[in-house]
Number of protein chains: 4
Amino acid sequence: MARLFTNIALTGNWRDPKAGESIATLSAHLLERGCSVNVGGAYRGPELPGTVRRADDDTLMDGAELMIAVGGDGTMLYAARFAVDATVPLLGINRGRLGFLADVSPAEMLAAVDQVLAGDCEREQRRLLHAEVESESGNASGTALNDVVVKRLDSGRMFEFQTLVNDVYVNTHGGDGFIVATPTGSTAYALSCGGPILTPQLDALVLAPICPHTLSDRPIVIPGNSRAEIRLRERDEDAAAVCCDGDVIGHIGAGDRLLVTASDARLELIHPPGYDFYEILRGKLHWGRSNRQSQRPG
Amino acid sequence: MARLFTNIALTGNWRDPKAGESIATLSAHLLERGCSVNVGGAYRGPELPGTVRRADDDTLMDGAELMIAVGGDGTMLYAARFAVDATVPLLGINRGRLGFLADVSPAEMLAAVDQVLAGDCEREQRRLLHAEVESESGNASGTALNDVVVKRLDSGRMFEFQTLVNDVYVNTHGGDGFIVATPTGSTAYALSCGGPILTPQLDALVLAPICPHTLSDRPIVIPGNSRAEIRLRERDEDAAAVCCDGDVIGHIGAGDRLLVTASDARLELIHPPGYDFYEILRGKLHWGRSNRQSQRPG
Amino acid sequence: MARLFTNIALTGNWRDPKAGESIATLSAHLLERGCSVNVGGAYRGPELPGTVRRADDDTLMDGAELMIAVGGDGTMLYAARFAVDATVPLLGINRGRLGFLADVSPAEMLAAVDQVLAGDCEREQRRLLHAEVESESGNASGTALNDVVVKRLDSGRMFEFQTLVNDVYVNTHGGDGFIVATPTGSTAYALSCGGPILTPQLDALVLAPICPHTLSDRPIVIPGNSRAEIRLRERDEDAAAVCCDGDVIGHIGAGDRLLVTASDARLELIHPPGYDFYEILRGKLHWGRSNRQSQRPG
Amino acid sequence: MARLFTNIALTGNWRDPKAGESIATLSAHLLERGCSVNVGGAYRGPELPGTVRRADDDTLMDGAELMIAVGGDGTMLYAARFAVDATVPLLGINRGRLGFLADVSPAEMLAAVDQVLAGDCEREQRRLLHAEVESESGNASGTALNDVVVKRLDSGRMFEFQTLVNDVYVNTHGGDGFIVATPTGSTAYALSCGGPILTPQLDALVLAPICPHTLSDRPIVIPGNSRAEIRLRERDEDAAAVCCDGDVIGHIGAGDRLLVTASDARLELIHPPGYDFYEILRGKLHWGRSNRQSQRPG
């Protein structure tokens with residue numbers, strides 16, 4: 001059998017014993033299929049076949065042509081960094097409930113992997129964001145698959161900041177913070193802040209204020225090649241943390257600014273055939289099951 | 001055995017064959033327990049025991065001490081009118097999925113009925129609304145368990161109206177309409193319009209604009225003994241329908257007004273022991289099952 | 001002076017005396033600049049110069065190279081139909097408060113018109129929607145600048161329908177109806193239904209449920225070249241009106257469907273130099289003026 | 001002239017020079033009316049009359065029968081603590097824009113004060129909250145006029161917690177945190193989190209999740225005498241800060257809990273005659289000024 005991928009890197013949510021079991025099963029299966037397998041060094045689980053190569057973060061992607069991650073969407077975010085850096089596609093096996101990114105269930109795992117190895121799969125590019133913090137206390141940068149978030153973390157009070165798009169002033173916001181999200185991230189934090197769902201193919205970004213002081217301060221969707229800027233005022237005593245996919249990458253204070261643009265890098269997601277974004281939405285959002293009391297007869 | 005209730009009126013969602021089956025089972029069970037049973041004349045289902053009294057709308061509640069309705073929340077709204085008029089408590093058996101009002105499942109139906117007959121149950125008063133339409137084209141009035149709604153039905157355009165509470169001017173609204181809801185109705189239409197959930201015990205009303213033109217036009221919760229008024233302007237070409245629990249009771253046009261107050265009447269709901277409002281909320285609202293993509297490890 | 005446009009069609013909100021006055025002033029000014037002027041036949045206002053040509057709907061656009069509308073955004077929607085049919089650009093003069101589409105104030109009207117005539121202006125293409133009703137009771141079609149809306153108009157009860165995008169099933173919705181909006185329409189009805197703001201340049205559509213039964217039934221943004229479909233179920237007793245920019249164009253019932261795609265036609269909007277979409281947003285949405293009680297010292 | 005109040009304590013937003021000017025004007029005016037005046041020690045502004053008593057935090061309320069605060073709602077929250085402890089009513093003079101709590105404008109300040117001294121005023125009781133943190137790392141407690149908030153401050157990730165009302169389990173939430181608000185606080189932070197507006201007279205509390213993971217996790221309004229509890233799970237690595245009116249009073253970690261109940265203490269607010277809560281709402285929320293693009297003719 002011709003294989004689309006021969007060298008596979010495996011990672012997972014090491015704190016979940018079930019993920020470990022799946023990794024062990026996957027490793028054996030992939031070896032049987034003639035693949036070579038790298039597994040992350042923090043692996044905890046059943047003993048792995050001797051020919052599996054145990055790797056640390058620096059060597060995990062050595063020679064890898066495909067990455068498979070076992071866990072939830074949080075694990076996928078972690079794995080995506082390796083996959084993007086190595087320009088290798090990523091396949092996600094979920095443990096427990098279905099994920100937006102980890103969309104293969106454990107039950108169909110081995111069959112799905114065989115399909116993917118045989119090239120019978122769908123490949124999809126997901127845009128990433130590049131964040132640049134320009135701060136008096138030092139610059140920082142980061143990459144995000146979901147979102148770049150500015151948020152006051154040191155106090156319960158709201159803070160104020162300005163936003164610009166392509167150097168044009170948009171608004172002065174008061175509230176808990178601000179989100180710049182990709183279509184991928186539109187179903188993550190931004191969704192909880194009143195943002196819309198963007199289909200993965202849409203070349204656009206969501207700008208969403210977090211708990212805004214002004215009730216008409218609503219999410220804005222802008223073209224994907226835009227540059228978003230968040231600026232703290234000169235005289236302000238406010239300070240805020242900047243997070244990429246939930247991880248703090250730096251801080252901004254008075255007069256500092258954060259720039260967010262589309263990254264040149266993309267994540268390639270692999271899905272088994274028949275991938276259906278709307279089916280995942282229906283499952284995750286419990287669509288079709290009414291929440292409210294009916295006034296219809298019946 | 002002492003029975004709390006002897007004469008029982010039964011009604012149901014006659015279009016649902018399963019409801020008919022439940023009514024037949026219930027009838028036989030109640031007769032066995034020594035009760036007398038009235039069943040609504042529109043009943044469709046298995047043949048009923050000969051001692052069951054078939055009644056029309058005018059005689060259904062004759063002598064009844066308890067009403068049992070089999071169906072969804074829409075059926076409960078229908079049954080509530082009979083129960084309130086006859087000042088008789090109401091017990092709801094749901095068919096299919098759990099309801100806010102019909103909270104006994106078919107599986108536990110007979111056991112629950114025995115508990116209720118034995119007096120082992122919880123009794124709860126629910127407030128109703130009284131709606132008074134004062135229109136040039138004639139007055140009308142109605143009663144609602146969930147909500148009184150003003151809504152433009154004849155066109156796709158928004159309309160404008162004023163609201164007052166206890167004769168004090170509140171706001172001029174533009175949009176699709178306006179809802180005055182009881183705590184019971186807070187989980188019905190008002191919930192879809194951004195209204196809060198009110199616990200059944202709270203003596204309060206929700207005022208909720210429907211798709212308001214002004215984004216800060218948010219739901220207001222007022223004391224339960226307030227009088228809400230909706231007024232169309234003198235010069236206005238707008239017209240709107242007034243609905244009680246989804247049924248049109250009249251129309252208002254230029255200069256007309258609608259008054260909504262708490263009704264003197266209350267609905268008594270009967271629940272089997274262990275009734276838990278929050279458990280019903282969790283079930284109906286799919287609480288505890290996250291909708292969004294997680295950024296947590298896992 | 002070279003003129004970019006010589007033959008001008010004028011229309012306005014004839015019910016507003018101020019609009020009539022502006023039309024009269026504009027007519028005299030345009031004649032002075034050597035233009036020829038058509039004015040709609042329903043014009044009411046001060047007497048117009050004799051050389052102004054009074055036209056009816058069929059002749060209003062005869063020879064016209066530019067249309068100017070005086071009124072609010074509703075007037076602009078009306079004028080847009082003529083401008084699109086005649087493939088002529090449209091300039092909007094607002095009366096009263098600033099509009100999203102009518103963005104020239106009366107005070108700057110004459111100076112702005114001179115700039116536009118001299119070619120010192122910004123020209124912007126706005127996408128339109130094409131709606132196709134396929135109903136057992138007959139087909140219908142329409143064009144919309146803002147939105148195509150399906151809505152139950154004959155009753156206070158919610159109805160149920162299915163949505164598809166590019167023939168892929170999206171969701172089954174219960175609620176008041178559904179909106180397909182352009183970026184232009186994202187600040188109209190869809191905004192009141194929880195939809196996001198789309199910048200005019202974004203090639204995308206908003207799908208927004210109206211008062212949905214399911215709280216996680218959130219707006220979706222899809223690529224602008226998508227085909228959206230709304231379908232009523234075969235067995236359903238539901239019926240709904242289909243509106244283009246607020247006007248009813250047809251009805252759908254059981255088994256019928258509505259198809260919405262981008263229209264080939266576009267509206268060309270003319271703005272005086274310095275047009276800034278975000279400035280209009282800030283004005284219309286009262287941004288920068290906090291709505292809530294502050295907990296900050298001060 | 002009989003005076004309802006003779007000994008007055010004055011405080012203000014000392015960082016705002018305008019507030020200092022108002023305090024100086026007020027002091028002179030009150031002395032003229034025969035009142036004695038205490039002014040907070042941090043006062044910065046024009047020189048005060050010699051008979052004004054300069055006081056520190058411990059002596060500010062000595063003998064005071066009325067407190068007047070000059071500033072915004074944040075200053076009112078600060079002043080409320082002194083007023084509540086000394087069981088003295090509080091009158092608020094706003095600087096700049098109208099406040100929910102500081103509802104007397106500088107222009108009408110002296111006339112309003114004269115009315116209040118003469119007893120021509122409205123007195124209103126506002127409920128306060130009592131927060132009790134039961135943590136392994138030590139207990140803490142606090143009082144709040146607006147709200148008690150639990151919030152993860154140390155990271156960009158969401159956290160999970162359980163809520164109970166009167167010892168009955170309500171829900172397990174994931175998100176940024178949780179708010180328990182009074183009617184007074186319903187127009188503060190809770191409003192930005194999708195909470196409803198509660199009229200000041202309503203004896204109720206709002207429970208509002210902050211950016212909840214589950215889209216149907218909506219605000220709940222419960223009776224004012226309820227006890228709300230927020231509990232972190234035993235095994236959780238989550239930790240969160242507890243804030244009263246925006247000030248951190250303590251932290252909770254795994255297995256810890258926060259209890260919130262109505263405080264026995266109340267704040268008495270003084271308003272000049274004609275106080276109208278809805279008028280303040282209309283002003284603060286820019287009601288009556290439509291935000292969205294109109295489709296109506298005009």
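Residues numbered from 1 in each chain as written. Chains lettered and ligands numbered in written order. Predicted model: local features only at pLDDT ≥ 70, side-chain atom pairs only at ≥ 80, totals over all residues. Heavy atoms only, no water.

Asks: Got a sec to walk through the overall build of chain A? Specific residues and values, please.
Replies: Helix and strand counts for chain A stand at five helices and 18 strands. Taken over C-alpha atoms, the radius of gyration comes to 21 Å for chain A, in line with the 19 Å a tight globule of 298 residues would show. Across its three principal axes, chain A shows a C-alpha extent of roughly 65 × 65 × 30 Å. Within chain A, counting contacts between residues at least 6 apart in sequence, those at least 24 apart form 65% of the total. Accessible surface for chain A amounts to roughly 10200 Å². Of this, 46% is attributable to carbon and sulfur atoms. (Helix = DSSP H or I, 4+ residues; strand = E, 2+ residues; numbered from the N terminus. Rg over C-alpha atoms; globule rule 2.2 N^0.38 Å. Contact = heavy atoms within 4.5 Å. Areas by Shrake-Rupley, 256 points an atom, 1.4 Å probe, with all protein chains shown as cover.)

Asks: How would you explain helix α3 (residues 109-117) of chain D if you had to name every residue and give the values?
Replies: Residue and element names in this part refer to chain D. Taken as a whole, α3 has its buried residues at Met109, Ala112, Val113, Val116 and Leu117. Axial view of α3: buried residues confined to an arc of 135 degrees, hence all on one face. Its buried side turned inward, α3 meets β1 (7-12), α1 (17-32), β4 (66-70), β5 (90-93) and β18 (257-271). One or two positions beyond α3, positive phi appears at Gly119, with a value near 85 degrees. (Buried < 20%, exposed > 50% of the residue type's maximum accessible area, 1.4 Å probe, protein only. Arc of directions from axis to C-beta.)

Asks: An account of the relation of the copies chain D and chain C is needed here, citing residue identities and associated values.
Replies: Once chain D has been moved 0.1 Å along the axis and rotated by 180 degrees, it coincides with chain C to within an RMSD of 0.0 Å. Expressed as an axis order, the relation between the two copies is that of a two-fold axis. (Least-squares fit on C-alpha atoms with pLDDT ≥ 70 in both.)

Asks: Residue-level account of the interface of chain D and chain C, with values.
Replies: Each partner contributes to the interface: chain D provides 38 residues, whereas chain C provides 38 residues. Summed over the shared surface of chain D and chain C, the result is zero salt bridges. On inspection of chain D and its partner chain C, the count reaches zero residue pairs in polar contact (both at pLDDT 80 or more). Listed by contribution, the elements that provide at least two residues to the side of chain D that touches chain C are α2 (73-85) and α4 (189-192) of chain D. Here the side of chain D that touches chain C is built from residues that sort into nine nonpolar, 19 polar and 10 charged. (Salt bridge = Lys/Arg side-chain N within 4 Å of Asp/Glu carboxyl O. Polar contact = N/O pair within 3.5 Å; in protein donor to acceptor, adjacent residues only side chain to side chain. Nonpolar A, V, L, I, M, F, W, Y, C, P; charged D, E, K, R; others polar.)

Asks: I'd like a description of the interface of chain C and chain A, backed by residues and values.
Replies: In this complex, chain C contributes 52 residues to the contact, which on the side of chain A involves 52 residues. Of the roughly 4200 Å² buried between chain C and chain A, counting both surfaces, carbon and sulfur atoms make up 52%. Our count for the chain C to chain A interface comes out at zero salt bridges. There are 20 residue pairs in polar contact (both at pLDDT 80 or more) connecting chain C and chain A. Elements that contribute at least two residues to the side of chain C that touches chain A include exactly β9 (159-165), β10 (168-175), β12 (197-198), β14 (220-223) and α5 (277-284) of chain C. Considering only residue class, the side of chain C that touches chain A consists of 25 nonpolar, 15 polar and 12 charged. (Buried area = accessible area lost by both parts, 1.4 Å probe.)

Asks: Explain the domain arrangement of chain A to me, and be specific about the residues and the numbers.
Replies: Residues and elements named next belong to chain A. The assigned domain composition of chain A is domain 1 (7-121 + 272-294) and domain 2 (127-265). Just the C-alpha atoms count here: the centres of domain 1 and domain 2 sit 29 Å apart. Between domain 1 and domain 2, the residue contacts involve 12 residues of the former and 14 residues of the latter. Here domain 1 packs against domain 2, burying approximately 940 Å² in sum over the two surfaces, 76% of which is carbon and sulfur. Inspection of the region where domain 1 meets domain 2 yields one salt bridge. (Domains from an automatic or database assignment.)

Asks: Explain the sheet that holds strand β16 (residues 240-244) of chain C to me, and be specific about the residues and the numbers.
Replies: Think of a sheet as strands paired side by side through backbone hydrogen bonds, with each pair either parallel or antiparallel. One open sheet holds the seven strands; their spatial order is β12(A)-β14(C)-β13(C)-β11(C)-β8(C)-β16(C)-β17(C), and the pairing between them is mixed. One side of each edge strand has no neighbouring strand; the edge strands of this open sheet are β12 (197-198) of chain A together with β17 (247-252) of chain C. (Pairing = 2+ DSSP bridges.)

Asks: Tell me about the pairing of strand β7 (residues 140-144) of chain D, and name the residues and values.
Replies: Residues and elements named next belong to chain D. Burial of β7 is one-sided: the residues Ala140, Gly142 and Ala144 facing one way are buried, the residues Ser141 and Thr143 facing the other way are not. Pairing of strand β6 (residues 122-134) with β7 involves five bridges; the strand directions are antiparallel. Paired with His130 across the strands is Thr143, a residue of β7. Counted along the chain from β6 to the antiparallel partner β7, the turn is five residues long, and its residue Gly138 has a positive phi close to 120 degrees.

Asks: Tell me what's going on with the sheet that holds β12(C), and back it up with residues and numbers.
Replies: An order of β17(A)-β16(A)-β8(A)-β11(A)-β13(A)-β14(A)-β12(C) is seen for the seven strands of this open sheet, with the pairing classed as mixed. Edge positions in the sheet fall to β17 (247-252) of chain A together with β12 of chain C, since each has one partner strand and no second. Relative to strand β16 (residues 240-244) of chain A, strand β8 (residues 147-151) of chain A runs antiparallel, the two sharing four bridges. Note on β16(A): the bridge partner recorded for A:Val150 is A:Val242.

Asks: Which residues make up the packing of helix α1 (residues 17-32) of chain B against helix α3 (residues 109-117) of chain B, and what values do they have?
Replies: The axes of two packed helices give the description: the angle between them and the distance between them. Residues and elements named next belong to chain B. Close contact between α1 and α3 brings their axes to 11 Å; oriented N to C, the two are set at 40 degrees. Between α1 and α3, the interaxial angle falls into the category oblique. Helix-helix and strand crossings are classified by hand; for α1 and α3 the assignment is right-handed. Contact residues: Ser22, Thr25, Leu26, His29 and Leu30 in α1; Met109, Leu110, Val113, Asp114 and Leu117 in α3. By residue class, the composition of the contact of α1 with α3 is six nonpolar, three polar and one charged. (Axes fitted to C-alpha atoms, helices over the stretch in contact; angles between N-to-C directions. Parallel < 35°, antiparallel > 145°, perpendicular 65-115°, else oblique. Left-handed = near helix turned anticlockwise from the far one by under 90°.)

Asks: Requested: an account of the packing of aromatic side chains, with residues and values cited.
Replies: All names here are of chain B. Counting across every chain of the model gives 20 aromatic pairs over all chains. Between Trp14 and Tyr43 the ring centres are 5.5 Å apart and the planes differ by 85 degrees, which places this aromatic pair in the edge-to-face class. Of this pair, Trp14 sits in the loop between β1 (7-12) and α1 while Tyr43 sits in the loop between β2 (36-40) and β3 (53-55); the two residues are 29 residues apart in sequence, bridging distant segments of the chain. Taking the relative accessible area as the measure of exposure, Trp14 reaches 14% and is therefore buried. Classification of Tyr43 by relative accessible area gives buried; the value is 7%. Between Phe161 and Phe178, the aromatic rings sit 5.8 Å apart at their centres with planes inclined by 65 degrees, giving edge-to-face as the arrangement. Of this pair, Phe161 sits in strand β9 (residues 159-165) while Phe178 sits in strand β11 (residues 177-181), placing them 17 residues apart in sequence. (Phe/Tyr/Trp six-rings, centres within 6.5 Å; stacked < 30°, edge-to-face > 60°.)

Asks: Run through the relation of the copies chain C and chain A, naming residues and quoting values.
Replies: Overlay of chain C on chain A (RMSD 0.0 Å): rotation 180 degrees, translation along the axis 0.0 Å. Here 100% of the interface residues in chain C have copies in chain A that are interface residues too; the copies meet face to matching face.

Asks: Please set out the side chain of D:Asn38 residue by residue, giving values where relevant.
Replies: Residues and elements named next belong to chain D. Tracing the chain through its elements places Asn38 in strand β2 (residues 36-40). Here Asp62 takes part through its backbone oxygen, which lies 3.3 Å from a polar atom of the side chain of Asn38. Setting aside residues up to four positions removed in sequence, Asn38 forms contacts with Ile8, Ala9, Leu10, Arg53, Thr59, Leu60, Met61 and Asp62.

Asks: Explain the nonpolar core residue by residue, including any values.
Replies: By size, the foremost hydrophobic cluster in this structure holds 60 residues, and its most contacted members are A:Ile179, B:Ile179, C:Ile179 and D:Ile179. With sequence-adjacent residues up to four places away left out, A:Ile179 is seen in contact with A:Asp147, A:Val148, A:Val149, A:Tyr189, A:Ala190, A:Cys193, A:Val206, A:Leu207, A:Ala208 and A:Ile210. (Core = buried A, V, L, I, M, F, W, Y, C linked by side-chain atoms within 4.5 Å.)

Asks: Describe the pattern of salt bridges, listing the residues and the values that go with them.
Replies: Counting across every chain of the model gives 48 salt bridges over all chains. The partner of B:Arg231 in a salt bridge is B:Glu229, with the nearest N and O atoms 2.8 Å apart. Among the charged side chains, a salt-bridge network with shared partners connects A:Glu134, A:Asp167, A:Arg227, A:Glu229, A:Arg231 and A:Arg257.

Asks: Break down the pairing of β17(A) for me, with residues and values.
Replies: All names here are of chain A. Across five bridges, the pairing between β16 and β17 is antiparallel. Residue pairing for β17: Cys244 is matched across the bridge by Asp247. The hairpin formed by β16 and β17 contains two residues between the paired strands, and Asp245 there has a positive phi angle of roughly 50 degrees.

Asks: Tell me about the environment of A:Pro183, and name the residues and values.
Replies: Tracing the chain through its elements places A:Pro183 in the loop between β11 (177-181) and α4 (189-192). On a C-alpha basis, the gap between A:Pro183 and A:Leu202 in space is 6.9 Å, while along the polypeptide they are 19 residues apart.

Asks: An account of helix α2 (residues 73-85) of chain C is requested, with residue identities and associated values reported.
Replies: All names here are of chain C. Given a rise of 1.5 Å per residue, 13 residues ought to cover 18 Å, and the 18 Å separating the end C-alpha atoms of α2 matches this to within 8%. Within α2, the axis deviates most sharply at Ala79, by approximately 30 degrees. Within α2, 10 of the 13 residues are buried, leaving the element largely enclosed by the surrounding structure. Here α2 has its buried residues at Asp73, Gly74, Thr75, Met76, Leu77, Ala79, Ala80, Phe82, Ala83 and Val84. As for α2, its buried residues are in contact with β1 (7-12), β4 (66-71), β5 (90-94), β6 (122-134) and β18 (257-271). Positive backbone phi, approximately 45 degrees, marks Thr87, located one or two places after α2. (Expected span 1.5 Å × (residues − 1). Bend = angle between axes of the 7 residues up to and from the residue.)

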